Amino acid sequence: MPRKAEDECPRPAQISSLAMESLAPPIFPATVYRCEDPETAEGILSGNSEGYAYSRDGHPNADMLANKCRRLHGADHATMTNSGMSAMALAVLSHARAGDHLVVSRMLYGQSLNLFTNYVTQFGIRVSTVDTCDLDAVRSSLEDGTKMVVAETISNPSLRISDIAALAELAHARGAVLLVDNTFATPALCRPIEMDADFVLESVTKMINGHSDAMLGLLCGTSAVWDRVRPTQSVWGLSSSPFDCWLSYRGLSTMALRVEKACCNALAVASFLAERSEVIDVKYPGLESHPDHKLASEQLTGGFGTIVTFTLRGDRPAAERFIDAARETVPFCPSLGEVSTTLLHPQSTSHRQLDAAGLSALGLTGGSIRLSIGVESSRSIMSDLDAALAGL
Ligand SMILES: *Cc1c(COP(=O)(O)O)cnc(C)c1O
């Protein structure tokens, strides 16, 4: 007996074509897709035609998010990876090979610096570290075989600013490309590709997602550097989770609002801390006392960032008392970019490999605290900090 059409279970594709008008984006957890015929499958898997076959090579939630990020950054291409670190690995694995030389900022995020100095070097790639705020030092560390220069828009936790346009010019003059880790700035404050960077990287885990519930990275680039990125991503398994892309797509829709509010709060908090007698130093690019205030004013638009680093009088014991007093209101979390204000103690977490001299070279002590400012009312953040300072 022939089955009636309505008894047949509709295929997901039939349902999704009807649901295409949903205002919120759908989520596609599928790892594999039906292929029309061998020719189409071949085209999709080799990246020559549009469509999906296997989610390690691409999936709709990654493409939706990558496209939005690509436009925000004014880049030719963008891809989502499973973390910020995997975006960094992808840039290196797709662009550098044995015999090449890289110049990287010595103030990079701790794990990035670890990646370059202890792991990338295992592949026969030479790595020099340099202060990327010192353009003369960068110029003299470049060699004919230098393939890539790596810097951060805003460094952690001393919040030094690297001059992206100047670094791009220096790198390009020696035939190298510039990769900028823009995590502390976000595309809301800085778009390095428009300043001639070739690659830009974001830890989407931080401000772009902004809700501390997804781990994801972004790599954007120009057409000139993109050739090997997608095949490298597939073969090293640096792809992304559909669910985390879906969550971060939602996070991204409020990023500009969150970053704007957090930057206003951060400036207010930095000014407040600068007045306190318990505090011996405040680092924030929005303060005129910051060594890169002028460059920050030119290079960042719409704010000076959401991170404030300050140092308490009384070294580590003072930091421990402060962290304890702030426990319920400003939690100690070894990350940044959440909707609420959190703090971190660099000496015991992100910079635990540094001795006192290393810390002091960054202008830090055991009494230094890094605040990641959230979107609460600035009054409530300051009253929480005030209460914790009162406990010292
Ligand atoms: C967190 C962070 C990374 C690494 O990102 P993950 O998503 O944690 O892998 C890289 N660079 C900077 C500046 C970061 O803050």
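In the block above lies the structure referred to throughout.
Residues numbered from 1 in each chain as written. Predicted model: local features only at pLDDT ≥ 70, side-chain atom pairs only at ≥ 80, totals over all residues. Heavy atoms only, no water.

On to the overall build of the protein chain. For the protein chain, the count of helices and strands is 15 helices and eleven strands. In summary, the protein chain has a C-alpha radius of gyration of 23 Å against a globular reference of 21 Å for 392 residues, a match within 12%. Counting only C-alpha atoms, the protein chain reaches 85 × 55 × 35 Å along its principal axes. When the 392 residues of the protein chain are sorted by exposure, 50% land in the buried category. In the protein chain, of all internal contacts separated by at least 6 residues, the share reaching a separation of at least 24 is 72%. Summing over all exposed atoms, the protein chain offers an accessible surface of approximately 18,200 Å²; the carbon and sulfur share of this is 53%. With 32 positive and 45 negative side-chain charges, the protein chain shows a spacing of 3 Å between the two charge centroids. (Helix = DSSP H or I, 4+ residues; strand = E, 2+ residues; numbered from the N terminus. Rg over C-alpha atoms; globule rule 2.2 N^0.38 Å. Buried < 20%, exposed > 50% of the residue type's maximum accessible area, 1.4 Å probe, protein only. Contact = heavy atoms within 4.5 Å. Areas by Shrake-Rupley, 256 points an atom, 1.4 Å probe, with all protein chains shown as cover. Lys, Arg positive; Asp, Glu negative; His and termini not counted. Charge placed at Lys NZ, Arg CZ, Asp CG, Glu CD.)

This paragraph deals with the site of the ligand. The full set of residues close to the ligand is Ser83, Gly84, Met85, Tyr109, Glu152, Asp181, Thr183, Phe184, Ser203, Thr205, Lys206 and Leu336. Separating an oxygen atom of the ligand from a side-chain N or O atom of Ser203 is a distance of 2.8 Å. In this structure, an oxygen atom belonging to the ligand sits 2.7 Å away from a side-chain N or O atom of Thr205. Relative to its free-state accessible area of 380 Å², the ligand is covered by the protein chains to the extent of 94%. Class assignment of the residues belonging to the shell around the ligand gives a composition of four nonpolar, five polar and three charged. (Near = heavy atom within 4 Å. Polar contact = N/O pair within 3.5 Å; in protein donor to acceptor, adjacent residues only side chain to side chain. Nonpolar A, V, L, I, M, F, W, Y, C, P; charged D, E, K, R; others polar.)

The next subject is the nonpolar core. In terms of nonpolar packing, the biggest core is built from 74 residues, with Met80, Leu273, Val308, Phe310, Phe322, Ile369 and Leu371 touching the most fellow members. A per-element tally of this core places helix H11 (residues 255–274) first, with seven residues. With residues near it in sequence (within four places) discarded, Phe322 still touches Phe310, Leu312, Leu343, Ile369, Leu385, Ala388, Leu389 and Leu392. Counting 25 residues, the second-largest nonpolar core is a separate cluster that includes Ile125, Met148, Val177 and Trp226. (Core = buried A, V, L, I, M, F, W, Y, C linked by side-chain atoms within 4.5 Å.)

Evaluation of the coordinates by the stated rule reveals four aromatic pairs. Aromatic pair Tyr33 and Tyr52: ring centres 5.7 Å apart, planes at 40°, arrangement tilted. With Tyr33 in the loop between helix H1 (12–19) and helix H2 (38–45) and Tyr52 in the loop between H2 and helix H3 (60–73), this residue pair connects regions lying 19 residues apart in the sequence. When the ring of Phe123 is compared with that of Trp236, the centres are 6.4 Å apart and the planes differ by 85°; the resulting orientation is edge-to-face. A residue pair is termed long-range when its members are at least 10 positions apart, and Phe123 in the loop between helix H5 (110–119) and strand S3 (126–130) and Trp236 in helix H9 (residues 229–236) qualify at 113 residues. Phe123 gets classed as partly exposed once you look at its relative accessible area, which sits at 47%. Directly above the ring of Tyr249 sits Lys68, whose terminal nitrogen or CZ lies 4.6 Å from the centroid. (Phe/Tyr/Trp six-rings, centres within 6.5 Å; stacked < 30°, edge-to-face > 60°. Lys NZ or Arg CZ within 6 Å of the ring centre and 35° of its normal.)

Attention shifts here to the side chain of Thr146. On the secondary structure map, Thr146 appears in strand S4 (residues 146–152). With a relative accessible area of 2%, Thr146 lands in the buried category. Engagement of the side chain of Thr146 in a polar contact is seen with the backbone nitrogen of Glu143, the distance being 2.7 Å. Ignoring any residue separated from it by four or fewer positions in sequence, one finds Thr146 in contact with His101, Val103, Ser141, Arg174, Gly175 and Ala176.

Strand order in the open sheet made by the four strands is S8-S9-S11-S10, with antiparallel pairing throughout. Only two strands of the sheet have a single partner each, and these edge strands are strand S8 (279–283) and strand S10 (342–344). Pairwise comparison of adjacent strand axes, ignoring direction, gives a mean angle of 25° for this sheet. Taken together, the five bridges between strand S9 (residues 307–312) and strand S11 (residues 368–372) define a ladder with antiparallel strand orientation. Across the sheet, the residue bridging to Ile307 is Ser372, located in S11. The sheet strands contacting helix H13 (residues 315–326) are S9, S10 and S11, and the helix crosses S9 at an angle near 125°. (Pairing = 2+ DSSP bridges. Axes fitted to C-alpha atoms, helices over the stretch in contact; angles between N-to-C directions.)

Let us look at H5. Restricting attention to buried positions, one finds in H5 the residues Ser112, Leu113, Leu115 and Phe116. Buried residues of H5, viewed axially, fall in a sector of 155°; they line one side. Where H5 is buried, its residues touch helix H4 (84–95), strand S2 (101–105), S3 and S4. (Arc of directions from axis to C-beta.)

With that settled, the discussion passes to the pairing of strand S6 (residues 199–203). Most of S6 is tucked away: five of the five residues are buried. Here S6 shows two buried faces, one formed by Phe199, Leu201 and Ser203 and the other by Val200 and Glu202. In terms of strand pairing, strand S5 (residues 177–181) meets S6 through three bridges, oriented parallel. What sits directly across from Val180, in S6, is Val200.

Taken together, the side chains of Val32, Leu45 and Tyr54 define a hydrophobic patch exposed on the protein surface, amounting to about 300 Å² of accessible area. Relative to the helices and strands, Leu45 is located in helix H2. (Patch = residues over 30% accessible without salt bridge, like charges linked within 9 Å, V, L, I, M, F, W, Y side chains within 5 Å. Salt bridge = Lys/Arg side-chain N within 4 Å of Asp/Glu carboxyl O.)

Once that is clear, we can look at H11. Counted at 1.5 Å a residue, the expected span for H11 with its 20 residues is 28 Å, and the 28 Å between its end C-alpha atoms agrees. Among all positions of H11, only Met255, Arg258, Val259, Ala262, Cys263, Asn265, Ala266, Val269, Ala270 and Leu273 are buried. (Expected span 1.5 Å × (residues − 1).)

A few words on the state of the cysteines. Per the stated rule, a full pass over the model turns up zero disulfides. Between Cys69, a cysteine without a disulfide, and Cys220, which holds the nearest cysteine sulfur, the sulfur-to-sulfur distance is 6.4 Å. Residue class for Cys69 comes out buried when judged on its relative accessible area of 2%. (Disulfide = S-S within 2.5 Å.)

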